[in-house]
Amino acid sequence: MTATTPTSQISQDDINKAVWAACDTFRGVINADTYKDFVLTMLFLKYVSDIYKDEYHKLVEQYGDNTELIHAMMSKQRFVLPEGASFWDLYEQRHKAGNGQRIDQALHALEEANGTKLKNVFQDISFNTDKLGQEKEKNDLLRHLLEDFGKDILNLSSERVGSLDVIGNAYEFLIKHFAAGSGATAGEYYTPPEVSDLLATILEPVEGDQICDPCVGSGSLLLKCGAMVRKNSGSKKYALFGQEAIGATWALAKMNMFLHGEDNHRIEWGDTIRNPLLLDKDGKALLNFTIVTSNPPFSLDKWGHDKASDDPYGRFHRGIPPKTKGDYAFISHMIETLKPETGRMGVVVPHGVLFRASSEGKIRQKLIEENLLDTVIGLPEKLFFGTSIPAAILIFKKTKNDNKVLFIDASREFKSGKNQNQLTSANIEKVIDTYKTRETIDKYSYLATFDEIKENDFNLNIPRYVDTFEEEAEIDLVAVRTERVQLQKELKNIEVEMEGYLKELGYGT
């Protein structure tokens, strides 16, 4: 343990800088896609260890040497930490050989001691890996990592942290920065916060809602929805559900939930299309949710087309999506998991979903004919990590007040960035206000009737409905001709003058 233990509350900026500085141990040695799991997992272990140690010291002060009572009370903590498995046990042995093996053993013990809560969370994360180099190099790297998290600034005791939001926000801060440098793989686990904010605000989660993200990634979108319930009602009476196909990403989502204090969650590990796991008690029917929202992988190849015709859950009764583009597979799954009366859904899609024909066109037509589609929102390009293409948000509702579809073209209003563009709070507010009023605004939005969409062969391409054409200023041809004649005169005079200079220099004819 470090020599001093500060008790003043840590600021969000301080903890963000400290955890980001911990990444310096790995920079230039391995890429961020590999070391992000080590840093994020160590933050989780450090948080659990500091809170556990903090509570233990409080009980010792209260009950003295009544070790039996203290042990019994510690076994009822939010997380149980077995002897030898805390961050500080690892820290004290950091100069010895075998750091990777000890960390893995500690994580395994933590899993075992916490039953279903942490089951399998660390099984895809190994610190005892050749990715960190030869044994001595690996041991040194992990010693430095332990020392980074052992610094006073990263004392995460409850007295010092104050609110769980500080830890959760630091975790999100790291995930965002890893996503920014991860290229194409970033889309596998992270949705830009402003897009999550927009979706959570539009979907209006309230007390009692069951909220699901079938492609949960690191869980940021679900967490925004949970925060929206608390903001709107002050209640924590809601439940979060999700599923994630990639094991390491699923583990990030689980840790992210706990670090945000979201213990009432059920996040499953598996392929949502091939093997949906959010099922009823009999395992024969899909669970239904009040809100379903997601940022699925864009146009996923090999999504499970070969087994779609025999889908036991009837998700593809409107048609089977094309073999190499899984967008409508995710949309179809999400629609079928909505509650019959109150269900509402927001999904991020590539623009091709709006207009591609063939099987996708048939599915799109049926969704519109069933009056499920409520709103289409066009987003700016370069908004998502890992891709520069513009995307759109589709809002579906099981119960609508009309049979119209609102189109919003928000693609031209954003804060420009070198690598990533951003939606500002003003941009988001304009979208939300327009969504609520369902008004037609010149060059921004249009409320289309069913017949208008039908006339367009159920093509949802936004420019068909929102005219953003800007008329060019009229050109005064007479003025342009006069200016041209004047320029020709000036050019002739310059040529005469140049000829004189050349003669003076002996180059004239």
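Since the model is a prediction, treat every value here as computed from it, not as a measurement.

Student: Just to check I follow, could you spell out the overall build of the protein for this structure?
Tutor: Helix and strand counts for the protein stand at 18 helices and 9 strands. Counting only C-alpha atoms, the protein reaches 105 × 75 × 45 Å along its principal axes. In the protein, buried positions account for 48% of the 509 residues. If you take every contact in the protein between residues at least 6 apart in sequence, the share linking residues at least 24 apart comes to 75%. Total accessible area on the protein is roughly 24,700 Å²; 50% of this is exposed by carbon and sulfur atoms. A distance of 2 Å separates the average location of the 61 positive side-chain charges in the protein from that of its 77 negative side-chain charges.

Student: Just checking my understanding: could you explain the sheet that holds strand 7 (residues 391-397) for this structure?
Tutor: Each strand in a sheet pairs with its neighbour through backbone hydrogen bonds, running either in the same direction (parallel) or in the opposite one (antiparallel). Read from one edge to the other, the open sheet built from 9 strands follows the order 3-2-1-4-5-7-6-8-9, with strand pairing classed as mixed. The sheet is open, and its two edges are formed by strand 3 (265-269) and strand 9 (445-448), each paired on a single side. Along the sheet, successive strands turn relative to each other by an average axial angle of 15°, direction set aside. The pairing of strand 6 (residues 373-378) with strand 7 spans 5 bridges and is classified as antiparallel. Considered in strand 7, the bridge of Gly 378 is made with Ala 392.

Student: Explanation requested: the environment of Phe 385 in the structure shown.
Tutor: By secondary structure assignment, the location of Phe 385 is in the loop between strand 6 and strand 7. For Phe 385 and Ala 180, which are 205 residues apart along the polypeptide, the C-alpha to C-alpha distance reads 6.1 Å.

Student: Help me out: how do you make sense of the packing of aromatic side chains in this one?
Tutor: Geometrically, a pair of aromatic rings is defined through the distance of the ring centres and the angle of the planes. Throughout the structure, instances matching the rule amount to 18 aromatic pairs. Considering the side-chain rings of Trp 250 and Trp 269, the 5.3 Å spacing of their centres and the 20° angle between planes classify their relative orientation as stacked. Separated by 19 residues along the polypeptide, Trp 250 in helix 11 (residues 247-259) and Trp 269 in strand 3 bring together distant segments of the chain. Between Phe 298 and Phe 384 the ring centres are 6.0 Å apart and the planes differ by 65°, which places this aromatic pair in the edge-to-face class. Of this pair, Phe 298 sits in the loop between strand 4 (291-294) and helix 12 (305-308) while Phe 384 sits in the loop between strand 6 and strand 7, placing them 86 residues apart in sequence. On the accessibility criterion, Phe 298 (23% relative accessible area) is partly exposed. For Phe 384, a relative accessible area of 3% corresponds to the buried category. Taken together, the ring pairs in this structure connect Trp 20, Phe 26, Tyr 35, Phe 38, Phe 127, Phe 173 and Phe 178 into an aromatic cluster.

Student: Help me understand the pattern of salt bridges, please; the structure alone is not making it clear to me.
Tutor: Any two side chains of opposite charge can pair if their charged atoms end up close together. Considering all chains together, one arrives at 24 salt bridges under this definition. A salt bridge links Lys 36 to Asp 37, with the nearest nitrogen and oxygen atoms 3.6 Å apart. Residue Asp 209 pairs with Arg 344 through a salt bridge whose shortest N-O separation is 3.0 Å. Here Asp 209, found in the loop between helix 9 (193-203) and strand 1 (210-213), pairs with Arg 344, found in strand 5 (residues 344-350); they are 135 residues apart in sequence, far enough to count as distant. Residue Asp 209 shares its accessibility class with Arg 344, and that shared class is buried. One network of salt bridges, with partners in common, ties together Arg 94, Arg 143 and Glu 147.

Student: Please explain the pairing of strand 6 as it appears in this structure.
Tutor: Regular strands place side chains that alternate from one sheet face to the opposite one. With 6 of its 6 residues buried, strand 6 lies for the most part within the structure. With 4 bridges joining them, strand 6 and strand 8 (residues 405-409) adopt parallel strand pairing. Each bridged residue has a counterpart across the sheet, and for Ile 377 the counterpart in strand 8 is Ile 408.

Analysis parameters
Residues numbered from 1 in each chain as written. Predicted model: local features only at pLDDT ≥ 70, side-chain atom pairs only at ≥ 80, totals over all residues. Heavy atoms only, no water. Helix = DSSP H or I, 4+ residues; strand = E, 2+ residues; numbered from the N terminus. Buried < 20%, exposed > 50% of the residue type's maximum accessible area, 1.4 Å probe, protein only. Contact = heavy atoms within 4.5 Å. Areas by Shrake-Rupley, 256 points an atom, 1.4 Å probe, with all protein chains shown as cover. Lys, Arg positive; Asp, Glu negative; His and termini not counted. Charge placed at Lys NZ, Arg CZ, Asp CG, Glu CD. Pairing = 2+ DSSP bridges. Axes fitted to C-alpha atoms, helices over the stretch in contact; angles between N-to-C directions. Phe/Tyr/Trp six-rings, centres within 6.5 Å; stacked < 30°, edge-to-face > 60°. Salt bridge = Lys/Arg side-chain N within 4 Å of Asp/Glu carboxyl O.

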